[in-house]
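A closer look at the structure
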Amino acid sequence: MTNAFEGRVALVTGAGSGIGAATARLLAERGATVVVTDLDGARARQVAADIEQAGGLAWSEVLDVADGAAWAALAATIDERAGRIDVVVNNAFTLTVAPAHEQDEATWHRQLDVDLTSVYRSVRTFIGALRASRGNVVNVSSVHATVAFPGHPAYAAAKGGMLALTRQLAVEYGPQVRVNTVLPGPIHTPVWDGADEAYLDLTRRSVPAARLGTAREVATAIAFLAGDDASYISGASLVVDGGFTAQKDPR
Ligand SMILES: NC(=O)c1ccc[n+]([C@@H]2O[C@H](COP(=O)([O-])OP(=O)(O)OC[C@H]3O[C@@H](n4cnc5c(N)ncnc54)[C@H](O)[C@@H]3O)[C@@H](O)[C@H]2O)c1
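Residues numbered from 1 in each chain as written. Predicted model: local features only at pLDDT ≥ 70, side-chain atom pairs only at ≥ 80, totals over all residues. Heavy atoms only, no water.

Observations concerning the overall build of the protein
Summing up its helical and strand segments, the protein has seven helices and nine strands in all. Relative to a compact globule of 251 residues, whose C-alpha radius of gyration would be 18 Å, the protein shows 17 Å and is just as compact. Considering only C-alpha atoms, the protein reaches an extent of 50 × 40 × 35 Å along its principal axes. In the structure as shown, the protein presents an accessible area of about 11,800 Å², 52% of it carried by carbon and sulfur atoms. Averaged over its 21 positive side-chain charges, the protein has a centre that lies 6 Å from the centre of its 27 negative ones. (Helix = DSSP H or I, 4+ residues; strand = E, 2+ residues; numbered from the N terminus. Rg over C-alpha atoms; globule rule 2.2 N^0.38 Å. Areas by Shrake-Rupley, 256 points an atom, 1.4 Å probe, with all protein chains shown as cover. Lys, Arg positive; Asp, Glu negative; His and termini not counted. Charge placed at Lys NZ, Arg CZ, Asp CG, Glu CD.)

What to know about the pattern of salt bridges
A complete count under the given rule lists 12 salt bridges for this structure. Of the charged contacts, one joins Arg8 and Asp228 as a salt bridge, the two residues approaching to 2.8 Å between their closest N and O atoms. Taken together, the positions of Arg8 in the segment before strand S1 (9-12) and Asp228 in the loop between helix H7 (215-226) and strand S9 (237-240) put the pair 220 residues apart, joining distant regions of the chain. Residue classification places Arg8 among the partly exposed residues on the basis of a relative accessible area of 21%. Across the pair Asp113 and Arg121 runs a salt bridge, and its minimum N-O distance is 2.6 Å. Judged by relative accessible area, which is 14%, Arg121 ranks as buried. Three or more residues are tied together by salt bridges with common partners; here these are Glu197, Asp201, Arg204 and Arg205. (Salt bridge = Lys/Arg side-chain N within 4 Å of Asp/Glu carboxyl O. Buried < 20%, exposed > 50% of the residue type's maximum accessible area, 1.4 Å probe, protein only.)

Examining the packing of aromatic side chains
For the structure on display, the rule yields four aromatic pairs. Between Phe149 and Phe244, the ring centres sit 6.0 Å apart and the planes meet at 15°, which makes this aromatic pair stacked. Of this pair, Phe149 sits in the loop between strand S5 (136-140) and helix H5 (153-173) while Phe244 sits in the segment after S9, and the two are 95 residues apart along the sequence. Phe149 sits in the partly exposed class, given a relative accessible area of 28%. (Phe/Tyr/Trp six-rings, centres within 6.5 Å; stacked < 30°, edge-to-face > 60°.)

Some remarks on unusual backbone geometry
Here the amide bond leading from Gly174 into Pro175 is cis, since omega sits at 0°, within 30 degrees of zero. Of note, Pro175 is situated in the loop between H5 and strand S6 (178-184). Non-glycine residue Arg134 carries a positive phi angle of around 50°. Tracing the sequence through the fold places Arg134 in the loop between helix H4 (105-133) and S5. With a phi close to 65°, Ala210 is a non-glycine residue in the positive phi region. By the secondary structure assignment, Ala210 is in the loop between helix H6 (197-205) and strand S8 (213-214).

Some words on the site of the ligand
Taken together, 29 residues surround the ligand, and among them Ser17, Asp38, Asn91, Tyr155 and Thr189 come closest. One nitrogen or oxygen atom from the main chain of Ile19 is found 2.7 Å from an oxygen atom belonging to the ligand. Within the side chain of Asp38, a nitrogen or oxygen atom sits 2.6 Å from an oxygen atom of the ligand. In the complex, 92% of the free accessible area of the ligand, which totals 830 Å², lies under the protein chains. Of the pockets mapped on this structure, the ligand occupies the largest pocket. Counting only elements with at least two residues in the shell around the ligand, the list comes to helix H1 (18-29), H4 and H5. Residues of the shell around the ligand, tallied by class, amount to 15 nonpolar, nine polar and five charged. (Near = heavy atom within 4 Å. Polar contact = N/O pair within 3.5 Å; in protein donor to acceptor, adjacent residues only side chain to side chain. 1 Å grid on protein atoms, 1.4 Å probe; cavity = no way out; pocket = protein on both sides within 12 Å on 5 of 7 lines; lining within 4 Å. Sits in = over half its atoms within 2 Å of the grid points. Nonpolar A, V, L, I, M, F, W, Y, C, P; charged D, E, K, R; others polar.)

The structure is reproduced here in structure tokens:
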């Protein structure tokens, strides 16, 4: 265990589950004070409690990333409790699976709002504090940003938009603030709980790594980008997909 994040404050959205929870735990293990946020307050509380139980520093807050006023309130709380912020991990997401013509406008907008506009809100809220700390932002996109799967039009548009927005923000806010993205492939989190064994098997066989990734494996990539080892990396997209998108044709 290193203490690379000692004295730093990290905010993770959607941190009550999966990749967000693993990221919160890893950053805390490495010394960060982690603000564990989620739409689901009970989940966020549990993750923060687990971190504290393990000897780390964390507290939880309810945050709907689609709610601008909630972002402002959170900034005030963080300023009061910690007086700084060094890392923002935009990880929360929502997804409705259906072709575009079967998604009504409200469903479409909600996905863009949670999955993409949330990144704008995070920067609008925290850019002053991030400039002051020479901090950074890590956005959690998806392989859906670069390859299409049926039934994911708004999700793919949002995740693809995240790559463009990451580049834009990196250019806009350097040299003080770095902004990067990770693109996970299939990662074994609760989103896969409903998948039947045949589909899981097909997915495993379609990945050169021959398995789903773990939330921890994405968290380590996020922690790398958020840490000083990535000090010359900004505007970058790091694929964490076991080789899935490197293939011309899935196996
Ligand atoms: N699991 C995968 O296979 C996979 C693949 C590619 C990309 N991703 C990306 O990884 C990220 C995390 O996914 P996961 O698999 O860990 O999901 P998960 O469902 O385990 O966790 C997502 C969390 O986000 C929270 N959330 C939902 N809406 C929210 C909102 N409006 N505001 C705040 N929190 C909200 C949920 O309550 C949940 O705790 C997402 O951005 C997802 O697109 C996941």
